[in-house]
Amino acid sequence: MIIDEVQPVPELLLAIKETVDADGRPGRFLLTGSAHVMALRSVPDALPGRMETIELWPLSQAEIDGAPIRFIDCAFERGPQLRHDGTENRDDYIERIARVGFPEAVAREGKRRSRFFSSYVADLINRDVMQLSEIERSAEMFTLTNLVAARSGQLLVPGALGNDSACPRTPLPAISASWRRFS
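Keep in mind it's a predicted model, so treat the numbers as computed, not measured. (Residues numbered from 1 in each chain as written. Predicted model: local features only at pLDDT ≥ 70, side-chain atom pairs only at ≥ 80, totals over all residues. Heavy atoms only, no water.)

Examining the overall build of the protein chain
What counts here: What counts as a helix is a DSSP run of H or I of at least four residues, what counts as a strand is a run of E of at least two, and both are numbered from the N terminus. Throughout this description, buried means an accessible area under 20% of the type-specific maximum (1.4 Å probe, protein chains only), exposed means over 50%, and partly exposed covers the range between. Contacts were defined at the residue level, with two residues in contact if any of their heavy atoms lie within 4.5 Å. For every accessible area listed, the method is Shrake-Rupley and the probe measures 1.4 Å; residues are considered covered only by the protein chains on display.
Secondary structure summary: the protein chain contains 9 helices and 2 strands in total. For the protein chain, the residues scored as buried account for 17% of the 183 residues in total. When contacts within the protein chain are restricted to residue pairs at least 6 apart in sequence, those whose partners lie at least 24 apart make up 51%. If you sum the accessible surface of the protein chain, you get close to 13,600 Å²; carbon and sulfur atoms cover 57% of it.

Focus on the nonpolar core
Operational definition: Put simply, a nonpolar core is a bunch of buried Ala, Val, Leu, Ile, Met, Phe, Trp, Tyr and Cys residues held in one set by side-chain atoms that sit within 4.5 Å of each other.
In this structure, I3, V6, L13, I16 and V20 together form the largest nonpolar core, which totals 5 residues. Looking at which element gives the most residues to this core, the answer is helix α1 (residues 12-22), with 3 residues. For V20, the residues in contact, after removing those within four places along its chain, are R28, F29 and R50.

Side note on helix α4 (residues 90-99)
The line we're drawing: Think of a polar contact as two N or O atoms within 3.5 Å of one another; within protein, one of them needs to be a possible hydrogen donor and the other a possible acceptor, and neighboring residues in sequence only count if both atoms come from side chains.
N-cap assignment for α4: the residue whose side-chain oxygen lies 3.0 Å from the backbone N of D91 is N89. After α4 finishes, the residue V100 shows a positive phi value of roughly 50°.

So, the pattern of salt bridges
Going by this rule: Salt bridge, as used here: a side-chain nitrogen of Lys or Arg that lies within 4 Å of a carboxyl oxygen of Asp or Glu.
On inspection of all chains with the given rule, the structure shows 7 salt bridges. Across the pair E88 and R96 runs a salt bridge, and its minimum N-O distance is 3.4 Å. Residue R96 is classed as buried on the basis of its relative accessible area, which comes to 17%. Here the salt bridges share partners, and the residues they tie into one network are D23, R25 and R28.

Here we look at the packing of aromatic side chains
To describe a pair of aromatic rings, one takes the distance between the centres and the angle between the planes. Heads up, the rule is: Side-chain rings of Phe, Tyr and Trp (the six-membered ring for Trp) are treated as a pair once their centres are within 6.5 Å; stacked means planes under 30 degrees apart, edge-to-face means over 60, and tilted covers the remaining angles.
Within this structure, the stated rule accounts for 5 aromatic pairs. Where F102 meets F116, the ring centres are 6.5 Å apart and the plane angle is 55°; that geometry is what we call tilted. You can see F102 sitting in the loop between α4 and α5 (103-106) and its partner F116 sitting in helix α6 (residues 110-133), a full 14 residues away along the chain. On the basis of an interplanar angle of 45° and a centroid distance of 5.0 Å, the ring pair of F102 and Y120 is categorised as tilted. Linking F102 in the loop between α4 and α5 with Y120 in helix α6, this pair joins segments that are 18 residues apart in sequence. A relative accessible area of 26% means that F102 is categorised as partly exposed. On the basis of relative accessible area, Y120 is assigned to the partly exposed category, the value being 31%.

Concerning the side chain of R113
Position of R113 relative to the elements: it lies in helix α6. Side chain to side chain, R113 and E95 meet in a polar contact 2.7 Å long. Within the structure, R113 has its side chain in polar contact with the backbone oxygen of A105 (distance 2.8 Å).

Observations concerning α1
Condition: Working definition: the arc comes from the directions between the helix axis and the C-beta atoms, pointing outward to the latter.
Of the residues making up α1, those classed as buried are L13, I16, K17 and V20. Along the long axis of α1, the arc covered by the buried residues comes to 105°, so they all point the same way. For α1, exposure combined with an orientation more than 90 degrees from the buried face picks out E18 and A22. Buried-residue contacts for α1 involve β1 (2-3) and β2 (30-31).

Now the structure itself:
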């Protein structure tokens, strides 16, 4: 049985657990979801020892290009002598980085791709982050996520984030406790 996007109905996990306990043959259920089901607060019971989690990664550049994936083989064969002789220029590399490897993003261009990413981040914040963390300020969380992403590879200065986000200086107690943990 295949159940797609199981996270909105976590009570199904109890029924699956009972069924698996009665008949332990593997491979009878395939549960998919865009959220880590076991991390959700509403999950009534975990399935330790009864399930295997397989995380799907974004497409590699070779998969996007329809080419064989040979980088690892080449790296082992050639070692430090490995060189790349491509025709890409700086703009091509920037396009590849911005496209990333989500199939939906690969299929879109320009503003449609930007809207996809904005929607994707908003969905993650509104569904997963808000539900897991019980954060009440979703608009500020979206702004904060964008600001943190823009500072990738830089020193994180909470005061600068606060100034740039225009968030109030008095965070909610749960956010304040999390900030102290990461500061």
